[in-house]
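# Architecture at a glance
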Amino acid sequence: MLFPMSPKVVELKRRLENFMDRHIYPNEERFYREAEELGPWKVYPIVEELKPLARAEGLWNLFLPQSHHGAGLTNLEYAPLCEVMGRSHLAPEVFNCSAPDTGNMEVLERYGSEQDKERWLKPLLAGEIRSCFAMTEPAVASSDATNIESRIVRDGDHYVINGRKWYTTNATDPRCKICIFMGKTDPDNPDRHRQQSMILVPMDTPGIEVKRPLPVFGFYGVPDRASEVVFTDVRVPKENMLLGEGRGFEIAQGRLGPGRIHHCMRLIGLAERTLEKMCRRVRSRVAFGKPVSEQTVTQERIAEARIMIEQARLLTLNAASAMDTVGNKVARTEIAMIKVAVPNMACQVIDWAIQAHGGGGTSNDFGLTQAYATARLLRLADGPDEVHRNQIARLELKKYSNV
Ligand SMILES: Cc1cc2nc3c(=O)[nH]c(=O)nc-3n(C[C@H](O)[C@H](O)[C@H](O)COP(=O)(O)OP(=O)(O)OC[C@H]3O[C@@H](n4cnc5c(N)ncnc54)[C@H](O)[C@@H]3O)c2cc1C
């Protein structure tokens, strides 16, 4: 094995899988039903019922690499555990390991003041509140974050914030109490990467209007509570500025590395689960005189899916190991590579599973439509494929700068 698990991780994984069997899989149907019936503005009771159980079993905050707040795991150690959680849409939040809270907690831990940590990090780590990250804007191509237009203007002891954001995951959640907002403090700075800042904005500040939930392929709430939010003359104390004016990109780099790898780890789990469903289904259905599993086209797809999942997992573990050993900045090629490879792999595997399920694959009964929505949205969220490919190519070509 290229990346063997330590005894500590083997034991945590065993306990996690056991919890999944006892509490997560048996409650998935209820979770999807609650999400559908209650919609994106409500808390789903099943999640709140299960969180204390996970916490009591020590299966809580397993992310946060090398931190005294979490389980003290490295990215490489966390990878197989995050993969297990990714097998179900219900699981990550139950273990307090869901996006965008994990990324936001990492930002608060790294860049927040002691007061910020006390006021926001503590309740987030306790799973008492949730958070959002507002960067993307409807008016500009936000994959190029230098385009972001929202303004953060200093006014005495305060900053005044104006802007329209969308795809702000979590903003419709009534437990969402804090927003990490990205906007321009210095729009005329000749260095476009010094124009942006990030600032903490409590969600109950006057002037914030959560306009509407946005469906993701028709789904509201699960797999994502995407929302549109308008900020009008929102006034926050100057101490809410993170790290300092003009340092938004620096924070974004720190935040998006771990966020991206967590998405990939979870997607590998989702692809594994999907392949399991596909194998069970094709063994149980007979068409034209033999089980669908005996059609060579089915076998070819299953074999290809297995190869693609293993490749994606190795690439992801390699990126996790690089982040642990050389840091997120140096590991940016590895992170960019998995961010392209894994969602594309998952889309293909889920697509084959939908096909193998026949018409039922397009219903919500098998969890495949939600799985596909998740994999497909991740070809866009945290940067579209093209932007990551450009970065990989740029770094590759740099090796030949003297040619
Ligand atoms: C479900 C979901 C949840 C999200 N959650 C959040 C969140 O919590 N917070 C947040 O701030 N954002 C969030 N996002 C937004 C996401 O990060 C952006 O959608 C993404 O960065 C792309 O920005 P854009 O939508 O403005 O697309 P644009 O920038 O308009 O790009 C459109 C397309 O142009 C093409 N393109 C862009 N650049 C290049 C290039 N260099 N080369 C070739 N082609 C290119 C790509 O095909 C790209 O998809 C979420 C998105 C989704 C779908």
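Here is what the cut-offs are and how they apply
Residues numbered from 1 in each chain as written. Predicted model: local features only at pLDDT ≥ 70, side-chain atom pairs only at ≥ 80, totals over all residues. Heavy atoms only, no water. Helix = DSSP H or I, 4+ residues; strand = E, 2+ residues; numbered from the N terminus. Buried < 20%, exposed > 50% of the residue type's maximum accessible area, 1.4 Å probe, protein only. Contact = heavy atoms within 4.5 Å. Near = heavy atom within 4 Å. Polar contact = N/O pair within 3.5 Å; in protein donor to acceptor, adjacent residues only side chain to side chain. Areas by Shrake-Rupley, 256 points an atom, 1.4 Å probe, with all protein chains shown as cover. Domains from an automatic or database assignment. Salt bridge = Lys/Arg side-chain N within 4 Å of Asp/Glu carboxyl O. Buried area = accessible area lost by both parts, 1.4 Å probe. Axes fitted to C-alpha atoms, helices over the stretch in contact; angles between N-to-C directions. Parallel < 35°, antiparallel > 145°, perpendicular 65-115°, else oblique. Left-handed = near helix turned anticlockwise from the far one by under 90°. Phe/Tyr/Trp six-rings, centres within 6.5 Å; stacked < 30°, edge-to-face > 60°. Lys NZ or Arg CZ within 6 Å of the ring centre and 35° of its normal. Core = buried A, V, L, I, M, F, W, Y, C linked by side-chain atoms within 4.5 Å. Nonpolar A, V, L, I, M, F, W, Y, C, P; charged D, E, K, R; others polar.

## What about the environment of Leu-38?
Locating Leu-38 in the fold gives a position in helix 2 (residues 28-38). Accessibility expressed as a relative area gives 37% for Leu-38, which makes it partly exposed. For Leu-38 and Ser-197, which are 159 residues apart along the polypeptide, the C-alpha to C-alpha distance reads 36 Å. Ignoring any residue separated from it by four or fewer positions in sequence, one finds Leu-38 in contact with Val-43, Tyr-44 and Pro-45.

## Description of the site of the ligand
Around the ligand, the structure places 21 residues, and the nearest of them are Phe-133, Thr-136, Ser-142, Ser-143 and Tyr-167. Between the ligand and Glu-386 there is a distance of 2.8 Å, counted from an oxygen atom to a side-chain nitrogen or oxygen. Considered on its own, the ligand offers 980 Å² of accessible surface; in the complex 71% of this is hidden by protein. Broken down by element, the shell around the ligand gets its largest block of residues, three residues, from helix 12 (residues 385-398). Two domains share the shell around the ligand, each providing at least three of its residues, namely domain 2 (130-242) and domain 3 (249-398).

## What to know about the pattern of salt bridges
One pass over the structure, following the stated rule, counts 32 salt bridges. As a salt-bridge pair, Arg-235 and Asp-155 come within 2.6 Å of each other at their nearest N and O atoms. Taken together, the residues Arg-235 in strand 7 (residues 227-237) and Asp-155 in strand 2 (residues 151-155) connect sequence positions 80 residues apart. In this structure, Lys-238 and Glu-239 form a salt bridge, with 2.8 Å as the shortest nitrogen-oxygen distance. When salt bridges with common partners are traced through the structure, they connect Glu-48, Lys-51, Glu-93, Asp-101, Arg-130, Asp-173, Arg-175 and Arg-225 into a single cluster.

## Re the domain arrangement of the chain
Looking at the assigned domains, one finds that the chain contains domain 1 (7-112), domain 2 (130-242) and domain 3 (249-398). If you average the C-alpha positions of domain 1 and of domain 3, the two centres end up 20 Å apart. The partner domain 3 presents 25 residues to the 26 residues of domain 1 that form the contact. Buried surface at the junction of domain 1 and domain 3, both sides included, amounts to about 2,300 Å², of which 56% is carbon and sulfur. Of all residues in domain 1, the largest losses of buried area upon contact with domain 3 belong to Asn-75, Glu-83 and Arg-87, amounting jointly to 28% of the total for that side. Counting every contact that joins domain 1 to domain 3 gives three salt bridges. In this structure, Arg-313 engages Glu-83 in a salt bridge whose closest nitrogen and oxygen atoms are separated by 2.7 Å.

## Some thoughts on the packing of helix 8 (residues 248-284) against helix 10 (residues 332-356)
Geometry of a packed helix pair, given as the angle between the helix axes and the separation of the axes. Put simply, helix 8 and helix 10 touch, their axes get as near as 9 Å, and they point 20° apart. With respect to each other, helix 8 and helix 10 are oriented roughly parallel. Like other packed secondary-structure pairs, helix 8 and helix 10 cross with a definite hand, here left-handed. For the pair formed by helix 8 and helix 10, the contact residues are Gly-257, Arg-260, Ile-261, Cys-264, Leu-267, Ile-268, Leu-270, Ala-271, Thr-274, Met-278, Arg-281 and Val-282 on the first element and Ile-335, Ile-338, Lys-339, Val-342, Pro-343, Met-345, Ala-346, Val-349, Ile-350, Trp-352, Ala-353 and Ala-356 on the second.

## So, the packing of aromatic side chains
For the coordinates displayed, the defined rule picks out five aromatic pairs. Ring centres 5.1 Å apart and planes at 70° place the aromatic pair Trp-166 and Tyr-167 in the edge-to-face group. Among the residues examined, Trp-166 registers a relative accessible area of 26% and is labelled partly exposed. Relative accessible area serves as the criterion here: at 42%, Tyr-167 is assigned to the partly exposed category. Within the aromatic cluster, the residues linked to one another by ring pairs are Phe-31, Tyr-32 and Tyr-44. Cation over ring: Arg-154 sits above Tyr-159, and NZ or CZ is 5.5 Å from the ring centre. A cation sits over an aromatic face here: Arg-225 above Tyr-44, 4.5 Å from the ring centre.

## What to know about the nonpolar core
Core analysis: the biggest nonpolar cluster contains 95 residues, and Ile-24, Leu-62, Tyr-78, Phe-95 and Met-345 have the highest contact counts within it. Looking at which element gives the most residues to this core, the answer is helix 8, with 14 residues. Ignoring sequence-local partners within four residues, the contact set of Met-345 consists of Ile-268, Ala-271, Met-308, Ile-309 and Ala-312. One finds Cys-132, Ile-152, Tyr-159 and Ile-161 within the second-largest nonpolar core, a separate group that totals 18 residues.

## Observations regarding the packing of helix 6 (residues 101-111) against helix 8
Where helix 6 contacts helix 8, the two axes come as close as 9 Å, and the packing angle between them is 140°. Classified by the angle between their axes, helix 6 and helix 8 sit oblique to one another. For the crossing formed where helix 6 meets helix 8, the hand is right-handed. The residues of helix 8 that touch helix 6, namely those facing Thr-102, Gly-103, Asn-104, Glu-106, Val-107, Arg-110 and Tyr-111, are Glu-250, Ile-251, Gly-254, Arg-255, Pro-258 and His-262. Looking at the contact of helix 6 with helix 8 residue by residue, the classes come out as four nonpolar, five polar and four charged.

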